[in-house]
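Coordinate inspection notes
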Amino acid sequence: QHESTVVMNGASLLDYAANGRVAPPSANRHPHAAPHGVYPCRGHDRWVALACEHEHEWQALAALIGQAELATDPRFATLAARKANEDALDEIVAGWTRRWSPQEAAEQLQAAGIPAAPVATVVDLLHDPHLAARRRFCRIDHPELGQMLIGEPSVILHAHPVLPRRHPVLLGEDTEPLLRDLLGLEEEEIVRGYLEGVLQ
């Protein structure tokens, strides 16, 4: 886990080595975009993510939420000003996003040219039309759990389709075939392994 994330910390490590600055926690904020984060939506624990990295995106957002005058408000007219007043800016944006479901907010934001997406729950993913079109989940019959959904590979290979197993491998399910077919053990040796506690 350390190796997979430390590669993303180069700028912060260099800033500390060169300038002695310790980067504060940034949550969902970005040094070169504002507003940038996840904002509450209608419903319990529902959110939408959006980012305004360019001035035209910020102007489009101000117009979309019905407050076009914010684009020229001295507190928000430039990226530096928005970063300096980010708490107030986030409250204004959240005041608009709270009126909509995540999907409704994201669709309006995207239509206005603002990068945005609903923050999806697991249930949302199971009903996502894009994932359904890519056959991301399939239903299988599990010998112990009954019918269940499993994730399919995210890549679709038309020439060599990947077919799902009948179910995830159960503990010890492949032991005897491997001992018999791969290692060449006789049935008596396998039985003795069980009796002696070597196999379970």
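Conventions adopted
- Residues numbered from 1 in each chain as written.
- Predicted model: local features only at pLDDT ≥ 70, side-chain atom pairs only at ≥ 80, totals over all residues.
- Heavy atoms only, no water.
- Pairing = 2+ DSSP bridges.
- Helix = DSSP H or I, 4+ residues; strand = E, 2+ residues; numbered from the N terminus.
- Core = buried A, V, L, I, M, F, W, Y, C linked by side-chain atoms within 4.5 Å.
- Buried < 20%, exposed > 50% of the residue type's maximum accessible area, 1.4 Å probe, protein only.
- Contact = heavy atoms within 4.5 Å.
- Arc of directions from axis to C-beta.
- Salt bridge = Lys/Arg side-chain N within 4 Å of Asp/Glu carboxyl O.

Turning our attention to the pairing of strand S1 (residues 36–40). Here five bridges tie S1 to strand S2 (residues 47–51), and the two strands are oriented antiparallel to one another. From the neighbouring strand, Pro40 faces S2, where its bridge partner is Trp47. In this structure, the hairpin formed by S1 and S2 is closed by a connection of six residues, where Gly43 is found at a positive phi of approximately 105°.

The next point concerns the nonpolar core. Within the largest apolar cluster, 23 residues are counted, with the highest numbers of intra-cluster contacts made by Val48, Leu50, Trp58, Leu61, Leu70 and Leu109. Mapped onto this core, the elements with two or more residues apiece are S2, helix H3 (55–64), helix H5 (86–97) and helix H6 (102–111). When residues of this core are assigned to their parent elements, the largest contribution, five residues, is made by H5. Here Trp58 is in contact with Pro35, Cys52, Leu70, Ala71, Phe76, Arg82 and Leu89, once residues within four sequence places are set aside.

As a further point, take H6. Residue pairs three or four apart in sequence face the same way in an α-helix, which turns once every 3.6 residues. Looking only at H6, the buried set comprises Pro102, Ala105, Ala106 and Leu109. Looking straight down H6, one finds that the buried residues subtend no more than 95° of arc, so they occupy a single side. Buried positions along H6 lie against S2, H3, H5 and strand S3 (116–118). Of the residues one or two after H6, Gly113 is the one with positive phi, at around 85°.

This brings us to the pattern of salt bridges. Scanning the model with the defined rule gives eleven salt bridges in all. Glu55 is the partner of Arg82 in a salt bridge, and the nearest nitrogen-oxygen pair spans 2.7 Å. Placement of Arg82 in helix H4 (residues 79–84) and of Glu55 in helix H3 is noted, with a sequence separation of 27 residues between them. With a relative accessible area of 1%, Arg82 lands in the buried category. Judged by its relative accessible area of 32%, Glu55 falls in the partly exposed class. One network of salt bridges, in which partners are shared, links Arg29, Lys83, Glu86, Asp87 and Asp90.

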